[in-house]
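Listed below are the residues making up each chain.
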Amino acid sequence: MTLGTIVRLMRGGILHVLMLTAPVLGAALIIGLIVAIFQATTSIQEQTLTFLPKLLVILGVLFLIGGWMFSSVAEYTEQLFKMIPLIAR
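Report follows, based on the coordinates. (Residues numbered from 1 in each chain as written. Predicted model: local features only at pLDDT ≥ 70, side-chain atom pairs only at ≥ 80, totals over all residues. Heavy atoms only, no water.)

**Some words on the overall build of the chain**
A count of helical and extended segments in the chain gives two helices and zero strands. At 19 Å, the chain has a C-alpha radius of gyration far larger than the 12 Å of a compact globule built from 89 residues. Counting only C-alpha atoms, the chain reaches 65 × 25 × 15 Å along its principal axes. For the chain, the proportion of its 89 residues judged to be buried stands at 18%. Partitioning the intrachain contacts of the chain with sequence separation of at least 6 by distance along the chain shows that 67% fall at a separation of at least 24. (Helix = DSSP H or I, 4+ residues; strand = E, 2+ residues; numbered from the N terminus. Rg over C-alpha atoms; globule rule 2.2 N^0.38 Å. Buried < 20%, exposed > 50% of the residue type's maximum accessible area, 1.4 Å probe, protein only. Contact = heavy atoms within 4.5 Å.)

**Thoughts on unusual backbone geometry**
Even without glycine at this site, Ser43 takes up a positive phi of about 60 degrees. Within the fold, Ser43 resides in the loop between helix H1 (3-42) and helix H2 (51-88). The exposed category is assigned to Ser43, whose relative accessible area is 58%.

**A look at the packing of H1 against H2**
Running from amino to carboxyl end, H1 crosses H2 at an angle of 175 degrees, the nearest separation of the two axes being 11 Å. For the element pair H1 / H2, the angle class is roughly antiparallel. Across the contact of H1 with H2, the residue classes tally to 22 nonpolar, six polar and two charged. (Axes fitted to C-alpha atoms, helices over the stretch in contact; angles between N-to-C directions. Parallel < 35°, antiparallel > 145°, perpendicular 65-115°, else oblique. Nonpolar A, V, L, I, M, F, W, Y, C, P; charged D, E, K, R; others polar.)

**Some thoughts on H1**
The terminal C-alpha atoms of H1 lie 56 Å apart, and with 40 residues this matches the ideal 58 Å at 1.5 Å per residue to within 8%. By the largest-angle criterion, Ala22 marks the main kink of H1, which is about 40 degrees, and a proline, Pro23, follows within four residues. All of the buried residues in H1 are Thr5, Gly13, His16, Leu20, Val24, Ala27, Ala28, Ile31, Gly32, Val35 and Gln39. Ser43 sits one or two residues past H1 and shows a positive phi near 60 degrees. (Expected span 1.5 Å × (residues − 1). Bend = angle between axes of the 7 residues up to and from the residue.)

**Let's talk about the environment of Ala40**
Position of Ala40 among the secondary structure elements: in helix H1. Sequence separation between Ala40 and Ala28 is 12 residues, and the spatial gap between their C-alpha atoms is 18 Å.

**Remarks on the side chain of His16**
Examined against the element boundaries, His16 turns out to sit in helix H1. Leaving out residues up to four positions away in the same chain, His16 has contacts with Ser72, Val73 and Tyr76.

**Comments concerning H2**
Along its 38 residues, H2 runs just 47 Å from first to last C-alpha, ending more than 12% under the 56 Å computed at 1.5 Å per residue. For H2, the principal kink sits at Ile65 and spans about 60 degrees. Listing the buried residues of H2 in full gives Val61, Met69, Ser72 and Tyr76.

Just distances and angles here, no functional claims.
Now the structure itself:
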């Protein structure tokens, strides 16, 4: 196993994690910004107000793209297991 192989595996894993988490984090960021603007315009300073909308949006996004996320992780894991004999040389 060369250093290049290790770097390629690490880079692929990090990019895969970023690709899977970006939609969920992006949706939470947008909803958080909308709620923050709403709080600023109405002078409502309740700290727990942002929790429920973010939770609902995150669950909705996971419901919509959870199957794709699972299949993507399964494919990546299969690729890693197929690489084991090549790496062991």
